[in-house]
Amino acid sequence: MKVEKFPGRIQPYLLPKVDGEIVYRCLLCNKEFDIKKLLYTCPVCGSVLLLEDKAADRLKKIPGAVWRDLFDYRKMLNVRAMRGIYRYHEFIGPILPLDSIVYLGEGDTPVIEANGLLQNKVGRKFYFKNDGQNPSASFKDRGMASALSYINYLIGTGSVSEILAVCASTGDTSASAALYASYLQPKIKSAVLLPHKKVTPQQLAQPLGSGAAVFEIPGVFDDCMKVVEALSENYNVALLNSKNAWRILGQESYSYEIAQQFDYDIDNKALVVPIGNAGNITAIISGFLKFFETGIITTLPKIIGVQSVHADPVFRYYLEPDSKKRVFEPVTVRPSVAQAAMIGNPVSMPRVIHLVKKYNETAREQRVFFVDVTEQSIMDWQLTANRNGHIVCTQGGESLAGLVEAIADGIVEKNEEVICDSTAHALKFSGFQEMYFEDRFPEGYEIRPKREFRNTPRLVRPKVLKEVPEPGKPLPPKQFEEFVRITSEEIASILDLKKKH
Ligand SMILES: *Cc1c(COP(=O)(O)O)cnc(C)c1O
Ligand SMILES: [Zn+2]
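Residues numbered from 1 in each chain as written. Chains lettered and ligands numbered in written order. Predicted model: local features only at pLDDT ≥ 70, side-chain atom pairs only at ≥ 80, totals over all residues. Heavy atoms only, no water.

Draft legend 1. Examining unusual backbone geometry more closely. Looking along the chain, the bond that leaves Q185 and enters P186 is cis, with omega of 10°. With respect to the helices, strands and loops of the structure, P186 is situated in the loop between α7 (172-183) and β7 (188-195). If you check the backbone angles, N30 has positive phi at about 70° while not being a glycine. With respect to the element layout, N30 can be found in the loop between β1 (22-26) and β2 (32-34). Of note, N268 is a non-glycine position whose phi angle comes to about 55°, a positive value. (Helix = DSSP H or I, 4+ residues; strand = E, 2+ residues; numbered from the N terminus.)

What follows is the structure, encoded as structure tokens:
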């Protein structure tokens with residue numbers, strides 16, 4: 001809809017102005033730093049940073065009801081820069097002029113209610129938010145749109161030039177980074193580091209297709225991450241991992257989208273989120289806090305972080321109920337089908353500790369919980385979901401397994417509705433489905449395929465037929481007719497079909 005068609009009271013707010021006062025804030029020493037320089041860790045103490053809008057109080061002057069209307073009206077606005085995460089411009093990147101924003105179709109992913117069968121099986125009303133429907137088929141695109149829009153802005157102002165963007169990845173970060181960087185070439189080039197044989201063939205194909213320089217490194221993601229950190233500390237490169245606070249800021253849109261998709265009625269809502277490097281859960285917690293503080297939502301939803309028992313350092317940290325006695329210890333990861341979350345030493349752990357405390361204090365009760373789930377349950381729930389009309393990845397299966405676990409633990413009440421994060425598209429992880437169907441999981445996964453889920457193609461090649469069609473070699477009409485008749489009869493007999501009269 002054209003700007004002049006919107007109601008007069010909305011028009012002044014419709015197109016955001018450049019505003020705000022964004023700084024990097026160190027979570028450990030509390031010092032702040034100018035954003036003119038690309039920073040990833042605190043130059044004073046080395047801890048991770050978050051972006052803070054020092055002028056955020058201005059947002060509280062606008063009533064919550066006006067914000068809610070504004071975001072709803074903006075849904076009808078065809079200004080492309082604001083179709084994705086920058087619908088929430090004032091919260092996601094108020095310092096960015098619209099013409100520096102990179103939009104490739106990220107954000108605003110659909111929320112799909114589970115069918116009755118599946119809800120009965122699980123025992124709660126629940127939904128998947130399908131983040132596999134982002135452009136590179138994972139949630140990472142929100143953060144990448146934010147990081148690359150900011151870099152694009154810096155290039156525009158002449159503060160930086162000839163950027164080489166680098167990241168380490170369990171697959172999806174590199175797919176996303178390479179996609180956005182290729183859109184901005186030749187100003188930006190990208191190089192991605194992947195743990196050798198620890199990303200799926202589909203995920204490997206993505207940065208290759210985008211033209212990134214792709215490096216495979218021995219070991220697991222945590223090893224890769226150290227190499228990339230060394231690169232970003234010693235060389236002039238832009239780091240695109242979630243250590244980069246701009247990634248977190250962009251991913252906060254996930255929470256804003258959910259608030260809007262439920263008409264800002266967050267009472268009795270719970271979210272389930274898989275945790276790897278812990279950037280996603282950091283962003284989600286931070287996002288809800290900001291909408292709550294601005295009066296756009298009036299309750300803070302329950303947030304449940306899930307990890308596989310094969311990579312569960314965050315879960316283990318919170319096992320200790322006394323916050324003073326908690327000590328963070330990285331774990332050595334074991335093979336996981338939730339491979340995109342197979343991380344033993346999450347970079348965002350200090351952010352999680354900081355924000356979980358703040359969230360629970362703001363809500364005046366515990367609102368963030370953690371569960372861990374077996375590899376078997378991740379696979380079984382992923383397959384169950386997809387047999388009921390979903391397209392969830394293994395990490396989405398992890399979310400659902402986490403919900404089932406949280407119900408068993410009494411974390412999710414009867415009247416609560418739950419939104420499970422399906423963080424990527426099922427197709428990226430179809431190799432695990434194949435291993436399940438063909439019973440080929442190596443020992444380390446500890447997965448035994450259940451017979452009822454198995455599914456394999458059947459070749460129909462009736463023996464009575466001497467010849468069948470081949471590519472480039474069609475059968476003569478009579479033989480072809482015979483082929484169609486006999487083949488269809490064989491299929492009908494396998495399916496036990498009744499003949500029409
Ligand atoms: C990155 C990723 C995760 C883990 O998210 P973090 O922000 O690293 O905690 C989970 N699922 C998928 C599909 C991912 O790509
Ligand atoms: Zn510091």
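Draft legend 2. A look at the nonpolar core. If you look at the biggest cluster of nonpolar residues, it comprises 107 residues, and the most contacted ones within it are W246, F291 and F370. Apart from residues lying up to four places away in sequence, F291 is in contact with F71, Y88, F91, Y256, A259, Y264, I296 and I297. Judged by nonpolar contacts, the second largest core, of 41 residues, contains F126, V306, M379 and A385. (Core = buried A, V, L, I, M, F, W, Y, C linked by side-chain atoms within 4.5 Å. Buried < 20%, exposed > 50% of the residue type's maximum accessible area, 1.4 Å probe, protein only. Contact = heavy atoms within 4.5 Å.)

Draft legend 3. Quick peek at the coordination of the zinc ion (ligand 2). Of the protein atoms, only C26 (SG), C29 (SG), C42 (SG) and C45 (SG) coordinate the zinc ion (ligand 2), at distances of 2.3 Å. In this structure, the zinc ion (ligand 2) is surrounded by four donor atoms whose angles at the metal cover 97 to 122°, and the resulting shape is tetrahedral. The sequence pattern formed by the donor residues of the zinc ion (ligand 2) is C-x2-C-x12-C-x2-C. Of the two residues, C26 sits in strand β1 while C45 sits in the loop between β2 and β3 (49-53), which places them 19 residues apart along the sequence. Owing to a relative accessible area of 1%, C26 belongs among the buried residues under this scheme. The class for C45 is partly exposed, based on a relative accessible area of 32%. (Donors = N, O, S within 2.8 Å, 3.2 Å for Na, K, Ca; no water. Tetrahedral: all angles 85-135°; square planar, octahedral: opposite > 155°, others 65-115°.)

Draft legend 4. How the structure looks around the state of the cysteines. If you walk through the whole model with that rule in mind, you get zero disulfides. The thiol sulfur of C224 is not disulfide-bonded, and the nearest other cysteine sulfur, from C167, lies at 9.2 Å. Its relative accessible area of 0% is what places C224 among the buried residues. (Disulfide = S-S within 2.5 Å.)

Draft legend 5. Summary view of the site of ligand 1. Close to ligand 1 lie 13 residues; K140, D172, N277, N280 and T423 are nearest. Take D172: an N or O atom from its side chain is 2.6 Å from an oxygen atom of ligand 1. The backbone of G279 places a nitrogen or oxygen atom 3.2 Å from an oxygen atom of ligand 1. In the complex, 98% of the free accessible area of ligand 1, which totals 380 Å², lies under the protein chains. Residue classes in the shell around ligand 1 are distributed as five nonpolar, six polar and two charged. Domain assignment of the residues forming the shell around ligand 1 places at least three in each of domain 1 (111-135 + 254-453) and domain 2 (139-251). (Near = heavy atom within 4 Å. Polar contact = N/O pair within 3.5 Å; in protein donor to acceptor, adjacent residues only side chain to side chain. Areas by Shrake-Rupley, 256 points an atom, 1.4 Å probe, with all protein chains shown as cover. Nonpolar A, V, L, I, M, F, W, Y, C, P; charged D, E, K, R; others polar. Domains from an automatic or database assignment.)

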